[in-house]
Amino acid sequence: FDWLGVPIIQFPSDLIILQEVLVKYKPDIVIETGIAHGGSLLFYSSILSLIKKKFNIIGIDIKIKTENKKKILANPLSKHIKLFESSSVNPNIFDKVKKITKGKKTIVILDSNHSHEHVLKEIEMYSGLIRKNGYLIVMDTAIEFVKKKHVNKGRDFGPGNSPFTAIKEFLKINSNFKVDKLYENKAIITSAIGGFLKKIN
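Since the model is a prediction, treat every value here as computed from it, not as a measurement. (Residues numbered from 1 in each chain as written. Predicted model: local features only at pLDDT ≥ 70, side-chain atom pairs only at ≥ 80, totals over all residues. Heavy atoms only, no water.)

## Concerning the pattern of salt bridges
No. 1: Inspection of every chain in the model, using the stated rule, returns 4 salt bridges.
No. 2: A salt bridge links E20 to K186; the nearest nitrogen and oxygen atoms lie 2.8 Å apart. Placement of E20 in helix α1 (residues 12-25) and of K186 in helix α7 (residues 181-187) is noted, with a sequence separation of 166 residues between them.
No. 3: Look at E20 and you get partly exposed, because its relative accessible area is 25%.
No. 4: A relative accessible area of 45% means that K186 is categorised as partly exposed. (Salt bridge = Lys/Arg side-chain N within 4 Å of Asp/Glu carboxyl O. Helix = DSSP H or I, 4+ residues; strand = E, 2+ residues; numbered from the N terminus. Buried < 20%, exposed > 50% of the residue type's maximum accessible area, 1.4 Å probe, protein only.)

Take a look at the structure:
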């Protein structure tokens, strides 16, 4: 699928749900780790531009292809988008993001490296940016329920080593978040099974 002519690698049902979260919570900042072609960044900017005058979208990816970067920046909605080419768990980048988000209502969407270790580290770092009733959303937890033979070769994740297992470990030691089943149940088809984490304390 495309959004405004730019590929967006999400289920349409998840996009509608993400729209609902954005409209309900009205964040000042949306952070997405793992931006691929950038269609989702433009999607978030599209939705927020309809309901807010001031907001920012932060996209973090370890490698942003020149062609993809050009397509993102060529869109008028890119005036709200800031790109960081780095690992999402790079402490230096996280410090910059932390300064940008200080005092801001923030939503975080994790969609980069899907291995247990990486996602757990992301959750531990970025969960600190979320206010009460805000969301940290972990995409592609469905990997846990896909047979290993269907996972692309060379990937360092799969059943037993996935975003889903990272969430389970995180929730064992952090009672400030809970899995909000409302959105995944509405979506019916979702890549984020158990991935909508709502801050409750």
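## Quick word on the nonpolar core
No. 1: In this structure, Y44, I57, I109 and I137 are the most contacted members of the largest nonpolar core, which totals 32 residues.
No. 2: Mapped by element, the contributors of at least two residues to this core are α1, α2 (39-51), β5 (81-85), β6 (106-110), β7 (135-138) and α7.
No. 3: The residues touching I109, leaving out its near neighbours within four places in the chain, are L18, V30, I31, E32, T33, Y44, I137 and M139.
No. 4: Residues I58, L110, V119 and L129 belong to the second largest nonpolar core, which totals 25 residues. (Core = buried A, V, L, I, M, F, W, Y, C linked by side-chain atoms within 4.5 Å. Contact = heavy atoms within 4.5 Å.)

## Focus on the pairing of β7
No. 1: Neither face of β7 is open: one carries Y135 and I137, the other L136 and V138, and all of them are buried.
No. 2: One ladder, built from 3 bridges, connects β6 with β7; its direction is parallel. For I109, the partnering residue across the bridge sits in β7 and is I137.
No. 3: Once you follow β6 into helix α5 (residues 116-126) and on to β7, the crossover reads as right-handed.
No. 4: Where β7 meets strand β9 (residues 196-199), 3 bridges bridge the pair, whose relative direction is antiparallel. Within the sheet, the bridge partner assigned to L136 lies in β9 and is L197. (Pairing = 2+ DSSP bridges. Right-handed = clockwise from strand over helix to strand, strands pointing away.)

## Some thoughts on the environment of I200
No. 1: Relative to the elements of secondary structure, I200 occurs in the segment after β9.
No. 2: Residues I200 and E122, 78 residues apart in the sequence, show an inter-C-alpha distance of 19 Å.
No. 3: Residues within four places of I200 in sequence aside, it is in contact with K132, S175, N176, F177 and K178.

## Considerations on unusual backbone geometry
No. 1: Even without being a glycine, L4 presents a positive backbone phi close to 55 degrees.
No. 2: Turning to its location among the elements, L4 is positioned in the loop between β1 (2-3) and β2 (6-7).
No. 3: For L4, a relative accessible area of 51% gives the class exposed.
No. 4: In the Ramachandran plot, D140 falls in the positive-phi region, its phi being about 60 degrees despite a non-glycine side chain.
No. 5: Relative to the helices and strands, D140 resides in the loop between β7 and α6 (163-173).
No. 6: The class of D140 is partly exposed, set by a relative accessible area of 23%.

## Points about the environment of K102
No. 1: In this structure, K102 sits in the loop between α4 (91-101) and β6.
No. 2: Through-space distance from the C-alpha of K102 to that of T33 is 18 Å; in sequence the pair is 69 residues apart.

## With respect to the packing of aromatic side chains
No. 1: Inspection of the entire model under this criterion finds 7 aromatic pairs.
No. 2: Both rings, one in F145 and one in F164, keep their centres 5.0 Å apart while their planes meet at 70 degrees; by these two values the pair is edge-to-face. Taken together, the positions of F145 in the loop between β7 and α6 and F164 in helix α6 put the pair 19 residues apart, joining distant regions of the chain.
No. 3: What links up through ring pairs into an aromatic cluster is the set W3, F43 and Y44.
No. 4: The aromatic ring of Y25 is capped on one face by K105, whose charged end is 4.4 Å from the ring centroid. (Phe/Tyr/Trp six-rings, centres within 6.5 Å; stacked < 30°, edge-to-face > 60°. Lys NZ or Arg CZ within 6 Å of the ring centre and 35° of its normal.)

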